[in-house]
Every structure is written in structure tokens, then in C-alpha cells.
Amino acid sequence: MSDEKKVSRRDILKMGTAGAFGIAGSYYLNKMAQFPNVAQASSDSSHKTSNHSNHSNHANMSDKTKTTGYKMAERLLTDFDYGEVTKLPNGQILREYKVVAIDKEIEIAKGIKFPGWTYNGTIPGPTFRCTEGDLLRFHFINKGSHPHSIHFHGIHPPEMDGLTSIYPGQKFTYEFEANPYGLQIYHCHVLPLARHIHKGLYGNFIIDPKKPREPALELNMVMNGFDLDLDGENEFYTVNGYANAFMNHPIKIKKDQLVRIYLSNLTEFDLLNSFHLHANYFTYYPTGRNDNPSQFTDTIMQCQGERGIIEVRFPYKGSYMFHAHVSEFAELGWMGFFEVE
Amino acid sequence: MKGKWLITGLIPLVLLIGVLGWVLKNGAGIEKDPAAPIEVLNIERIKVTKIGFELSVSNTGPKPLTISQVMVNDSVWNYSVSPQAKLERFEEGKVTITYPWVEGDPHTIKLITENGIITEGEVAAATLTPETNWSNFLNYGLIGFYVGIVPITLGLLWYPFMKRFSRKSINGILALTVGLLLFLFVGTLADGFEIGAEAPSVFQGNMVVIIGASLTFLLLIGFDQYQQRKQEKKGYSPFGLALLMATGIGLHNFGEGLAIGSSFALGEAALGTFLIIGFTLHNITEGIGIAAPLLKTKPRFRDFLLLGVIAGAPAIVGTWVGGFIFSPIWGAVFLGIGAGAILQVIYVITKMLIDDHKKHAEPSVSWLNLTGFTIGLLIMYFTAFFVKY
Ligand SMILES: [Cu+2]
């Protein structure tokens, strides 16, 4: 009854049922009146009872406890790291950030530990934030077990691009001017790339335009996935690193309030991820550029490394679901609710 | 003096315990912690119920483990574990999943432990697992009856036909029986290995089969020799030999019942049906084998009945066990015993054949005997086509 055998068995059963022995066999069995009840099990009421007895729809992964993993995802939703701010003699703003690479076990679904590589101890890493034209200094210390780097998206001198490995115990300071405004991402760029990124070394990097955006409830969402058995397929899909985080603890929002979501896709092993909002439409600005063509829609997709800003208001009170429109990703953890009050 | 002598015996033992203790405490000196957590969760049986699935699981790894998430067909799903999600070493648990399964569809169930170790179970074609109730019990019993007792008794009906054979032809038939049995022996052993491989690796299913087979073989031989010495008899009574064959074949048929019962329990009704037809055809030949030693005697009708029941009834028990309480490790135990019993019958008949031909100053491997043996193997080989694919 090995896998191999199962396949061949099934194939042959397909052919066989058409063949003489299948017919003879079923005749033989019918005559003996074996298991008539089994064959009809699907069509009777058994499934109605199973589906609706004590479980409402989509309650299949309910868990109201506030685990460590959930708390991390919740914190990453609204935490923005503006760095240490000083003013340079020429009037320019200088922001200094501390980034430490640490090997750390992260809870990615209730009770499941993932041996991650992190920036500052979370997956995704901190959301760095600054304003266009600021001078940025990222003081990077590698306290992990492997060489790492930080590769920032944006416009900067190539030697600050994070292609040089910083070895365990070493330090490096990335220095460049914040440019252009929009939503950027950052991630490790050490080979093997897929492994270093999948392990958790990535995050959002917001460069605000000089003319500030309209005030809003700002949320940070990084779409990611986790492959537990290293077979190149994710077991869990999450936003901010924890499965079903906002499914069980909906994000509270005020009616008609402007909500701005900084959304990026850092899922490894899958080409695309998506964001779909129920019962509403939103405006989408690719790469967070106001001058980019925007869309008015309820579903957008992002390829690996793609990101953008979603702006939305909710006209009615109640629960609005959001999730990956790839059903598989949704059912493996990438699903949540906005609770509008 | 005596004390000194005892101490010399104890010294190596004490030193050995010391060494083992040191290794246990400090490790073998190669690596202290395994690179990846070793967690072995075994799914022993998946029951498909009206409301979903019920998995019997056991922790056969070296350390306690905790079941933290369950996925069904690539979807995170709610579940409960009794007695609790944390299983101590060798502890058994039951995972209950409420799931709207689809009749006939394959369903993959993944259990994920705290450390992210994934154990996968498959329901090849979902259908309600037969409940243990009287009507199913009777249905399964009936299958066992049709597969076991009926064909063997039919095979025994060739007795009057074979009765007219000469001594040499009878020996040819016995050689044919050896062919049949050799095939059954290898087949039973292979089935045992196959089922044993599914048992938790800590139980070493293959070794269980080998231990079961060799111990049964030796025990039966030893018991025989003891009996013979006690009764000062030479050789077997024909009925005794037939009885021996019936017992060995019975244990083998237990394995057949097991295969049929578990295929129904696993929702593979079509496979079960194939097996029923195949085994029934296959088992007619076993009746011939059992009748062969009786050709020189005048057995009564109830002797045939008894032989038919002994050889066939275990199929009924096997169907029950396979259908209601199947577990790979017990399957390995029973099939191992079956193989050993068959081997012993081969040994006895071969010895008898050789002795008989020696007595008449003939070569044991006569053309007739070789033909019989070959036909025996071929009959089994071709009838087995109905159950192997
Ligand atoms: Cu890296």
C-alpha cells in the first residue's frame, strides 16, 4: 500500500471497472447485498448535519486567544519605525535606524514554530518610514548564523544596494538619500536568495511624499508564506507573519474613516498573491505613487516584490472580509476581517 | 570462593552499565542536539464518519510532541485531540475533525506538530467507514465465508476424482501442493513486509514478520518431533498432515481476509470486490492441496468439513479484523505466523515425498514430481493475476 502502488491501483481500478471483472464483481456484491448503506452515504442528510451542526461558515479556524504570533502580526500592522531623527547643518533631516539580523523562532500559526531569520526579531521585519529627501543611515549588525545583507528598493548609489554579504558578527552602515517617494520594500540579497528571503528577511519601507498624504488610519500589511517541510510549497499563507491573525481578531475601523493600507507581496515559491475586499471598492496606487495610474476595484494582484497603497472608506457598519483571492492561500491562513463601527 | 567467582561474572556487567550510562548522559560525542527536531507521529487508522474524520494517532518518536494545526485538502481546519494535543512517547490519541467530505473523493489530512513536522494521512476515496454493528459484522462474515470456506470446500470436492490416482501420481499431486505452498509462502511473506512497512518504524514491521515466521516454523517442527517421539510413530498420519496443511493455509487465509476487510474499511470497495473474486478462485486450489495427503485413506465427510472450516474460517476472522480493528503491526504479526506455518507444511510434505521415493528406490525429483511442482506454481501464479495489479 505504498504511494506507488496506490497510483497504479487507482489507474487500474478505472480501467477495471469498465472491464468484465468490475461488472462481475459489482454483480457479485449486489447479489450479496453488501453495504448498500455505504454507497449512498453521500447523498443523504449526513453532510447537512456535518456542515451546519455546531459550526457556522468560515468558523473553521476560529481561535480567539492572543498568542505571541498574533501579537507580533498586530503590532506590525500599525508600528512604523521612523528612526532616530536629527537635523544636519544644511537643514536636511537625518534618520538613523538600527537593524539586527537575529535567528529566531517565530510563531506563524497557533502553536506552530518556524525557525526564522529575522530583522529585529520579527517576520516581516520593521516597517521603516521616512520622508523623501531625508538622509538615511541603517546601522546593520549581523547577529545571525549566516551572512546577510539589506537590499533596499529605491534610487541610490549601487554600492549601497546590499549585494555584499555581511558576515555573522560584522557590521555595515547603509547610507543614502530617501528617493523616490512611494512604498518600497527591503530584503536580504545573499545567495541562495529564495532561502534567505523565505526565512523571513524582508519588510516594508515607506518613503512619504514631501507634501503629506491626507490623514488616515494607516495599516501595514506584508503578504508572505511559510514552507515548513522545505518542499518548495508553503504550508501557511499569512499577512504580517501569522495565519488567520485578523480573521480571529478583526481590525477595528470607524465608519467613513479613510483607511490607507501599505500592501506588499513577499511570498516565496508562489508567483503571485492577491488582495480582495468584500462588499466594497478601494483605490489602488501601484508602488504607492499618486502619479501612477490608479485603479478603482475590489481585487488586485501583486507579483513577488510588487507593492502598492490601498485607500478605502467603509460606508456601512459591519464586518468586511478581506483575503487572498487564491482560495488555497485564503484557506491556509491569508484571510481577515475589518470590523466597521 | 564462590563469591569471588560470582564477582568475576558481574564485573563486565557493571562496566557495561557504566559505559551505557556515560553514553546516555553525554551522547556519543558526535553531536549533542539533532539538527532538526525528531518527532514521529503515526496515523494508524482514519475513520470516515458522518461529521468528518477520526484519526487514531500515536507518538512513536523519542520525545513528547504536540499537535498544533490540522489541514484538510490544503485548508486549515478546526480539530480536537483527545486526551490532549500533547502526546507522550508511545501515547495514543484521537484526532477528531469536523469536515464536509465528498463521497468518492480523495482527502489529504496533514497533522502539523509544534515544531512544524508534517504527518500526512490519505483517505483514497472517502466513504463512510462501516460501523461496528451486527449487520456489518454479518456482511463481513459472509464475505469471509465466500472467500475462505466455500472455495476450499469446492477444492476438496475433487477428492473422489483424485482418489483413483496411482501412488506416483499422488506423489505428483503432493509435489503440486508444494508448488502451491511455496507460492503462498513467498506471497504471505511479501504481504507481511508490505503491511509491516506501514507500521510505525519503531516496531520494525519487517523484523516482526521474520521473527513471527521463523519462530512459528521452529515451534511447529519442534512440537511435531515431540509428538512423534512420544507416540513412537514414524511420519504423519495422512489426516494429521492434512490438518497441518489446513492450519497453515488457514493462517494464510487470515491475511487474505485482512486485505479484503481493510480495503472495504478504507473505502476502496472496488478493490475489495476484485480481491474477493481473486481469492475465491485462488483458494479452490488450496482445497486440492489439503485433499492430497488423504488420497490413500478413507476419510469421512465430517473430516472434509473440519478441514474446510480450519482452512477457510480464518478468512472470516481476518475480514472482521481488517474491517473493524486493522492495524499494520498486528497484520505483520499474523502474516509472519502464517508464512512460518506454511513453510513448515512445505518442509513436512517435501520430507515425506523424499522418504517415500527413497523407500521405493526412485529419484525424488521425478519428471512427474517436477511437472506437478511446476503446475502448482503456475496455477498460483496465474490465479494471482486476479488480485495483483
Ligand atoms: Cu540573508
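Residues numbered from 1 in each chain as written. Chains lettered and ligands numbered in written order. Predicted model: local features only at pLDDT ≥ 70, side-chain atom pairs only at ≥ 80, totals over all residues. Heavy atoms only, no water.

Asks: For this particular structure, what's the right way to read the pairing of strand 7 (residues 92–98) of chain B?
Replies: On a regular strand, one side chain projects to one face of the sheet and the next to the other, so that they alternate. All names here are of chain B. Only one face of strand 7 is covered, namely the one carrying G93, V95 and I97; the face carrying E92, K94, T96 and T98 has none of its residues buried. Bridging between strand 2 (residues 52–59) and strand 7 involves 7 bridges; their strand directions are antiparallel. If you follow E54 over to strand 7, its bridge partner there is T96. In this structure, strand 5 (residues 80–82) lies alongside strand 7, joined through 3 bridges in antiparallel fashion. Paired with V81 across the bridge in strand 7 is V95. (Buried < 20%, exposed > 50% of the residue type's maximum accessible area, 1.4 Å probe, protein only. Helix = DSSP H or I, 4+ residues; strand = E, 2+ residues; numbered from the N terminus. Pairing = 2+ DSSP bridges.)

Asks: Got a minute to help me understand the UniProt feature "transmembrane region" (unreviewed entry) in chain B in this structure?
Replies: Residue and element names in this part refer to chain B. Using the residue numbers shown here, the UniProt feature "transmembrane region" (unreviewed entry) corresponds to residues 137–159, 171–190, 202–223, 235–254, 260–284, 304–326, 332–354 and 366–387. Secondary structure content for residues 137–159 is 87% helix and 0% strand, and the end C-alpha separation is 33 Å. Between the end C-alpha atoms of residues 171–190 the distance is 29 Å, and the span holds 100% helix and 0% strand. (UniProt positions renumbered as here; feature names shortened; annotations may be inferred.)

Asks: In this structure, what is going on with a positive patch on the surface? I would like to understand it.
Replies: Judged by side-chain charge, A:K64, A:K66, A:K71 and A:K252 come together as a positively charged surface patch. Positionally, A:K66 belongs in the loop between helix 4 (46–52) and helix 5 (68–78). (Patch = residues over 30% accessible without salt bridge, like charges linked within 9 Å, V, L, I, M, F, W, Y side chains within 5 Å. Areas by Shrake-Rupley, 256 points an atom, 1.4 Å probe, with all protein chains shown as cover. Salt bridge = Lys/Arg side-chain N within 4 Å of Asp/Glu carboxyl O. Lys, Arg positive; Asp, Glu negative; His and termini not counted. Charge placed at Lys NZ, Arg CZ, Asp CG, Glu CD.)

Asks: Sorry if this is basic, but what is going on with the UniProt feature "domain: Plastocyanin-like" (unreviewed entry) in chain A here?
Replies: Residue and element names in this part refer to chain A. The feature "domain: Plastocyanin-like" (unreviewed entry), as annotated in UniProt, sits at residues 105–211 and 240–340 in this numbering. Along residues 105–211 the backbone is 6% helical and 44% strand, and the end-to-end C-alpha distance reaches 40 Å. In residues 240–340, helix accounts for 9% and strand for 47%; the two terminal C-alpha atoms are 21 Å from one another.

Asks: In this structure, what is going on with the coordination of the copper ion? I would like to understand it.
Replies: Any two of four tetrahedral donors ideally make an angle of 109.5 degrees at the metal, while pairs among six octahedral donors ideally make 90 or 180 degrees. Residue and element names in this part refer to chain A. Listed as protein donors to the copper ion are H148 (ND1), C188 (SG) and H196 (ND1); their distances from the metal cover 1.9 to 2.1 Å. In the primary sequence, the donor residues of the copper ion line up as H-x39-C-x7-H. Taken together, the residues H148 in the loop between strand 5 (135–142) and strand 6 (151–152) and H196 in helix 6 (residues 193–198) connect sequence positions 48 residues apart. (Donors = N, O, S within 2.8 Å, 3.2 Å for Na, K, Ca; no water.)

Asks: Just checking my understanding: could you explain the domain arrangement of chain A for this structure?
Replies: Note: interface size is frequently given as the accessible area lost on complex formation between the parts. All names here are of chain A. In terms of domain boundaries, chain A breaks down into domain 1 (66–206) and domain 2 (215–338). Taken residue by residue, the interface counts 36 residues in domain 1 and 37 residues in domain 2. Of the roughly 3,100 Å² buried between domain 1 and domain 2, counting both surfaces, carbon and sulfur atoms make up 65%. For domain 1, the biggest contributors to the area lost against domain 2 are L77, I108 and L183; these three give 22% of the whole. The interface formed by domain 1 and domain 2 holds 1 salt bridge in total. Between E218 and R129 there is a salt bridge whose closest N-O contact spans 2.6 Å. At the boundary of domain 1 with domain 2, the tally comes to 20 residue pairs in polar contact (both at pLDDT 80 or more). Those elements that place two or more of their residues in the side of domain 1 that touches domain 2 are helix 5, strand 2 (93–109), strand 3 (112–119), strand 8 (182–187), helix 6 and strand 9 (202–208). Element by element, the count of residues in the side of domain 1 that touches domain 2 is highest for helix 5, at 8 residues. Split into classes, the residues belonging to the side of domain 1 that touches domain 2 amount to 20 nonpolar, 10 polar and 6 charged. (Domains from an automatic or database assignment. Contact = heavy atoms within 4.5 Å. Buried area = accessible area lost by both parts, 1.4 Å probe. Polar contact = N/O pair within 3.5 Å; in protein donor to acceptor, adjacent residues only side chain to side chain. Nonpolar A, V, L, I, M, F, W, Y, C, P; charged D, E, K, R; others polar.)

Asks: Where do I start with the pattern of salt bridges in this structure?
Replies: Should their charged atoms come close, side chains of opposite charge can pair. All names here are of chain A. Overall, the coordinates contain 16 salt bridges over all chains when judged by the stated rule. The shortest N-O distance in the salt bridge between R313 and E214 comes to 3.1 Å. Note that R313 is positioned in the loop between strand 18 (307–312) and strand 19 (318–323) and E214 in the loop between strand 9 and strand 10 (217–226), a separation of 99 residues in sequence. In this structure R313 comes out as partly exposed when scored by relative accessible area, which is 41%. Taken together, the salt bridges that share partners define one network made up of R129, D208, E218, R260 and E311.

Asks: Can you help me understand the packing of aromatic side chains in this one?
Replies: Two descriptors summarise a pair of aromatic rings, namely the distance from one centre to the other and the angle between the planes of the rings. Residues and elements named next belong to chain A. In this structure the tally under the stated criterion is 35 aromatic pairs over all chains. Judged by centre distance (4.2 Å) and plane angle (35°), the rings of F138 and F152 are tilted. Residue F138 is found in strand 5, and its partner F152 is found in strand 6; the two are separated by 14 residues along the sequence. The exposure class assigned to F138 is buried, which follows from its relative accessible area of 0%. Overall, the relative accessible area of 0% leaves F152 in the buried class. When the centroid spacing of 5.3 Å and the interplanar angle of 65° are considered together, the rings of F152 and F205 count as edge-to-face. Separated by 53 residues along the polypeptide, F152 in strand 6 and F205 in strand 9 bring together distant segments of the chain. Here the aromatic residues Y97, Y119, F128, F138, F140, F152, F172, Y174, F176, Y186 and F205 are joined through ring pairs into a cluster of three or more. When the ring centre of F114 is taken as origin, the NZ or CZ atom of K199, which lies over that ring, is 5.7 Å away. Just above the ring of Y181 sits the side chain of R289; from NZ or CZ to the centre is 3.9 Å. (Phe/Tyr/Trp six-rings, centres within 6.5 Å; stacked < 30°, edge-to-face > 60°. Lys NZ or Arg CZ within 6 Å of the ring centre and 35° of its normal.)

Asks: Hey, could you run me through the UniProt feature "binding site: Cu cation" (unreviewed entry) in chain A in this one?
Replies: Residues and elements named next belong to chain A. Per the UniProt annotation, the sites labelled "binding site: Cu cation" (unreviewed entry) are H148, H153, H187, C188 and H196. Taking relative accessible area as the criterion, H148 reaches 1% and is therefore assigned buried. Contact partners of H148, with chain neighbours within four places excluded, come to A101, W117, F140, N142, T164, S165, I166, C188, V190, H196 and L201. Given a relative accessible area of 2%, H196 falls into the buried group.

Asks: Whenever I open this one, the sheet that holds strand 5 of chain B confuses me. Can you help?
Replies: Sheets are built from strands that pair by backbone hydrogen bonding, the pairs being arranged parallel or antiparallel. Residue and element names in this part refer to chain B. Taken together, the 4 strands give an open sheet; going across it, the order is 1-2-7-5, and neighbouring strands pair in antiparallel fashion. In this open sheet, the two edge strands, each paired with only one partner strand, are strand 1 (41–49) and strand 5. In this sheet, adjacent strand axes meet at a mean angle of 20° when their direction is disregarded. Alignment of strand 1 against strand 2, held across 8 bridges, turns out to be antiparallel. The residue bridging I43 from the neighbouring strand is V57, located in strand 2. (Axes fitted to C-alpha atoms, helices over the stretch in contact; angles between N-to-C directions.)

Asks: Quick question: what am I supposed to make of the environment of A:T299 here?
Replies: Residues and elements named next belong to chain A. In this structure, T299 sits in strand 17 (residues 299–303). Sequence separation between T299 and P158 is 141 residues; the distance between their C-alpha atoms is 35 Å. Contact partners of T299, with chain neighbours within four places excluded, come to F275, H276, F282 and H325. A polar side-chain atom of T299 sits 3.0 Å from a polar atom in the side chain of D298.

Asks: Explain the packing of helix 5 (residues 167–198) of chain B against helix 10 (residues 328–359) of chain B here, please?
Replies: Helix-helix packing is described using two parameters, namely the angle between the two axes and the distance between the axes. All names here are of chain B. Contact geometry for helix 5 and helix 10: axes closest at 8 Å, N-to-C directions at 160°. Between helix 5 and helix 10, the crossing angle belongs to the class labelled roughly antiparallel. Here helix 5 runs over helix 10; the crossing is left-handed. (Parallel < 35°, antiparallel > 145°, perpendicular 65-115°, else oblique. Left-handed = near helix turned anticlockwise from the far one by under 90°.)

Asks: Would you mind going over the domain arrangement of chain B with me for this structure?
Replies: Residues and elements named next belong to chain B. We note that the domain assignment places domain 1 (41–123) and domain 2 (134–388) within chain B. Inter-centroid distance (C-alpha atoms) of domain 1 to domain 2 is 38 Å. Listed per partner, the contact involves 6 residues of domain 1 and 9 residues of domain 2. Contact between domain 1 and domain 2 buries roughly 590 Å² in total, counting both sides, with carbon and sulfur atoms accounting for 55%. In terms of surface lost to domain 2, no three residues of domain 1 exceed E44, R45 and T60, which account for 64% of the buried area on that side.

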